[in-house]
Amino acid sequence: MADTAPVFARSEFILGGQRSGKSRRAESLARQWLDADATHRAVLIATAQPWDDEMHARIARHQRERAERVPGLATREEPLALAEALSAHTAPTTLVVIDCLTLWLTNLLMPASGEAADPAAPQDALVRAIATAPGPVVLVGNEIGLGVIPLGRETRAFVDALGGLNQAVARACERVTFMAAGLPLTLKSP
């Protein structure tokens, strides 16, 4: 009988449109990781910030539902220092899920303080952290470059920055999966 144990990539980047199944795939990988060995741990690094009542309620709902779907998946919140958070939580027996890179970039480029950061240094630090992580890493991000050309200068700059981030992370990851209608399409495989 063939071994049917799941094969985990050292790093996987899952991208797709809104409600495409990206986070569910990441959760599924975390659940498989936890089920594969009693010594395994899984940590989700969440980048969302509750700036208004709707987002606060959305985050709370995601936390409740995620806890039901993947018991044992710890959650840490880090809206800005993503490379540092990854480095702090990664270990050979710990799978780290980062959800989501799009919100992280939004936090850098459009902060509540109005003091936007240059995303180049944090992006480079994140790519290095992915490359040196001793345990598996799963990253979730949006692909927003498939639609119409945005009208505003700031929106076009954000779409350009996200495209650059997505390309850098895709180069750094062993596996890249595109999600559409809940279905995975492998773009890059080890």
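All values derive from a computational prediction rather than experimental measurement.

**Remarks on the overall build of the protein**
Here is step 1 of the chain: In terms of helices and strands, the protein carries six helices and seven strands.
Here is step 2 of the chain: Helices (α) and strands (β) of the protein occur, in sequence order from the N terminus, as β-α-β-α-β-α-β-α-α-β-α-β-β.
Here is step 3 of the chain: Against the globule reference of 16 Å for 190 residues, the protein gives a C-alpha radius of gyration of 16 Å, in line with a compact fold.
Here is step 4 of the chain: Taking the principal axes of its C-alpha atoms as reference, the protein extends roughly 60 × 35 × 30 Å.
Here is step 5 of the chain: Relative to its 190 residues, the protein shows a buried fraction of 41%.

**Quick word on the packing of helix H4 (residues 101-109) against helix H6 (residues 153-172)**
Here is step 1 of the chain: One can describe the packing of H4 onto H6 by two numbers: an axis separation of 11 Å at closest approach and a directional angle of 130°. With respect to H6, the axis of H4 lies oblique. For the crossing formed where H4 meets H6, the hand is right-handed. Residues Leu101, Thr102, Trp104, Leu105, Thr106 and Leu109 of H4 touch H6, and the partners they reach there are Phe158, Ala161, Leu162, Leu165 and Val169.
Here is step 2 of the chain: Of the residues that constitute the contact of H4 with H6, the class distribution is nine nonpolar, two polar and no charged.

**Describing the packing of aromatic side chains**
Here is step 1 of the chain: Taken as a whole and assessed by the stated rule, the structure comprises one aromatic pair.
Here is step 2 of the chain: Residues Phe8 and Trp33 carry aromatic rings whose centres are separated by 5.1 Å and whose planes lie at 85° to one another, so their mutual orientation is edge-to-face. Remark: Trp33 occurs in helix H1 (residues 22-36) and Phe8 occurs in the segment before strand S1 (11-16); sequence separation between them is 25 residues.
Here is step 3 of the chain: Judged by relative accessible area, which is 23%, Phe8 ranks as partly exposed.
Here is step 4 of the chain: On the basis of relative accessible area, Trp33 is assigned to the buried category, the value being 8%.

Parameters and conventions
- Residues numbered from 1 in each chain as written.
- Predicted model: local features only at pLDDT ≥ 70, side-chain atom pairs only at ≥ 80, totals over all residues.
- Heavy atoms only, no water.
- Helix = DSSP H or I, 4+ residues; strand = E, 2+ residues; numbered from the N terminus.
- Rg over C-alpha atoms; globule rule 2.2 N^0.38 Å.
- Buried < 20%, exposed > 50% of the residue type's maximum accessible area, 1.4 Å probe, protein only.
- Axes fitted to C-alpha atoms, helices over the stretch in contact; angles between N-to-C directions.
- Parallel < 35°, antiparallel > 145°, perpendicular 65-115°, else oblique.
- Left-handed = near helix turned anticlockwise from the far one by under 90°.
- Contact = heavy atoms within 4.5 Å.
- Nonpolar A, V, L, I, M, F, W, Y, C, P; charged D, E, K, R; others polar.
- Phe/Tyr/Trp six-rings, centres within 6.5 Å; stacked < 30°, edge-to-face > 60°.

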